[in-house]
Amino acid sequence: NAGVTQTPKFRILKIGQSMTLQCTQDMNHNYMYWYRQDPGMGLKLIYYSVGAGITDKGEVPNGYNVSRSTTEDFPLRLELAAPSQTSVYFCASSPGQTIYEQYFGPGTRLTVT
Amino acid sequence: DQQVKQNSPSLSVQEGRISILNCDYTNSMFDYFLWYKKYPAEGPTFLISISSIKDKNEDGRFTVFLNKSAKHLSLHIVPSQPGDSAVYFCAARSSNTGKLIFGQGTTLQVKP
């Protein structure tokens, strides 16, 4: 069981470029989440999904898009990268329903210059 | 509007002593609370949780206490070990949205 995997680990983008952060889980969890963590701050929810084909906005969705075509994958798309999107991005999954613990991937450190 | 606050950015304790990490919240709709531990360059890992209908939950060296009237929870680690040195996040689940709200984190250093 690999759990939650994320690629890439690190990335440097120029302003205006686009990229997709990949997230895959092998625990057959219905719920998946994308968070960002800025220095000295807690994790902020960007987008989440309660199952394949269903996504919804979190607290800070602007500048991002997601899709969920399979249970396993939940990619996060950044269009027109901005310096404010410099952050560490974490993907997480949970069984949902009455089990609230979320399992996190190792993170992607993104710098936009 | 910080609904979950960890007011101590850092804490340093001696190995073998007790570590107490604190967390305050403002939203009375929170029904479940969790603690996560994070090492550098890794994702957070789940540590321990507590339902709002309980006031204590224990798992080995880790105990979480919930004081609903004060809207305060704490994580006790006894005895503290150098391997416990990490950033600890508390999180609260909103019963009306189902989402987790995280505190800013407290960096714990356990000195040998």
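Preceding this section is the structure that the text describes.
Now for a description of the structure that goes with this document.

Reading the values: the criteria
- Throughout, residues of each chain are indexed from 1 in the direction in which the sequence is written.
- All chains are assigned letters beginning with A, and all ligands numbers beginning with 1, in the order in which they are written.
- Thresholds applied to this predicted model are a pLDDT of at least 70 for local features of residues and 80 or more for the giving and counting of side-chain atom pairs; totals over whole chains, interfaces and linings are not thresholded and use all residues.
- For the side-chain quantities, the full set of heavy atoms in the structure was used; hydrogens and water were omitted.
- Note on conventions: DSSP H or I runs of at least 4 residues are helices, E runs of at least 2 residues are strands, and numbering of each starts at the N terminus.
- C-alpha atoms define the radius of gyration in this analysis, and the globule rule sets the expected value at 2.2 Å times the number of residues to the power 0.38.
- Only four residue types enter the tally: Lys and Arg on the positive side, Asp and Glu on the negative side, with His and both chain ends excluded.
- Note on charges: their place is set at NZ of Lys, CZ of Arg, CG of Asp or CD of Glu.
- The salt bridge criterion pairs a side-chain nitrogen of Lys or Arg with a carboxyl oxygen of Asp or Glu, the two atoms within 4 Å.
- Remark: exposure states derive from per-residue accessible area (1.4 Å probe, protein chains only) relative to the maximum for the residue type, with buried under 20%, exposed over 50%, and partly exposed in between.
- Note on terminology: pairs of cysteine sulfur atoms within 2.5 Å are recorded as disulfides.
- Should any heavy atoms of two residues lie within 4.5 Å, those residues are considered in contact.
- A 1.4 Å probe defines the accessible area here, and the buried area is the portion of it lost by two parts on being joined, summed over both.
- Ten residues, namely Ala, Val, Leu, Ile, Met, Phe, Trp, Tyr, Cys and Pro, are considered nonpolar, four, namely Asp, Glu, Lys and Arg, are considered charged, and the remaining ones, Gly among them, are considered polar.
- Only buried Ala, Val, Leu, Ile, Met, Phe, Trp, Tyr and Cys residues count toward a nonpolar core, and they belong to the same one when joined by side-chain atoms within 4.5 Å.

Bringing the overall build of chain A into the picture now. Check the secondary structure of chain A and you find zero helices and 11 strands. Listing every helix and strand of chain A by position from the N terminus yields β-β-β-β-β-β-β-β-β-β-β. Taking 13 Å as the expected radius of gyration for a compact globule of 113 residues, we find that chain A reaches 13 Å, a close match to that expectation. Its C-alpha atoms give chain A principal-axis dimensions of about 40 × 30 × 25 Å. Taking the average location of the 9 positive side-chain charges in chain A and that of its 8 negative ones, the two points are 11 Å from each other.

Tallied over the entire structure, the rule returns seven salt bridges over all chains. For the salt bridge of A:Glu79 with A:Arg77, the shortest nitrogen-to-oxygen distance reads 3.1 Å. The class for A:Arg77 is partly exposed, based on a relative accessible area of 31%. With a shortest N-O distance of 2.7 Å, B:Asp31 and B:Arg93 are connected by a salt bridge. Of this pair, B:Asp31 sits in strand S4 (residues 30-38) while B:Arg93 sits in strand S9 (residues 86-94), and the two are 62 residues apart along the sequence. Residues participating in the shared-partner salt-bridge network are B:Lys37, B:Arg61 and B:Asp84.

As a further point, take the state of the cysteines. Residue and element names in this part refer to chain A. Considering all chains together, one arrives at two disulfides over all chains under this definition. With its sulfur 1.8 Å from that of its partner, Cys 23 forms a disulfide with Cys 91. Every disulfide takes its handedness from the sign of the S-S torsion; for Cys 23 and Cys 91 that torsion is -70°, giving left-handed. Taken together, the residues span a long stretch of sequence, with Cys 23 in strand S3 (residues 19-25) and Cys 91 in strand S9 (residues 87-94) at a distance of 68 residues.

Turning next to the interface of chain B and chain A. Listed per partner, the contact involves 17 residues of chain B and 17 residues of chain A. Both faces considered, chain B and chain A share a buried interface measuring about 1,500 Å² in area, 63% of it formed by carbon and sulfur atoms. Its largest share of buried area at the contact with chain A, chain B owes to B:Pro44, B:Lys99 and B:Phe102, together 32% of the area lost on that side. Elements with a contribution of two residues or more to the side of chain B that touches chain A: S4, strand S5 (45-51), S9 and strand S10 (100-102) of chain B. Considering each element in turn, the side of chain B that touches chain A owes the most residues, four residues, to S4(B). Split into classes, the residues belonging to the side of chain B that touches chain A amount to nine nonpolar, four polar and four charged.

Cis geometry marks the peptide bond from A:Thr7 to A:Pro8; its omega dihedral reads -5°. Within the fold, A:Pro8 resides in the loop between strand S1 (4-7) and strand S2 (10-13). Note that the residue after B:Val78, namely B:Pro79, is joined by a cis bond; omega there is -15°. Along the chain, B:Pro79 turns up in the loop between strand S8 (72-77) and S9.

All right, on to the nonpolar core then. Ranked by size, the top nonpolar core spans 23 residues in total, and within it B:Phe33, B:Trp35, B:Leu73, B:Leu75 and B:Tyr88 carry the most contacts. The dominant element in this core, judged by the number of residues it contributes, is S9(B), at four residues. In this structure, B:Leu73 is in contact with B:Leu21, B:Asn22, B:Cys23, B:Tyr25, B:Phe33, B:Trp35, B:Val64, B:Phe65 and B:Leu66, ignoring residues within four places of it in sequence. One finds A:Val4, A:Tyr64, A:Val66 and A:Ala81 within the second-largest nonpolar core, a separate group that totals 19 residues.

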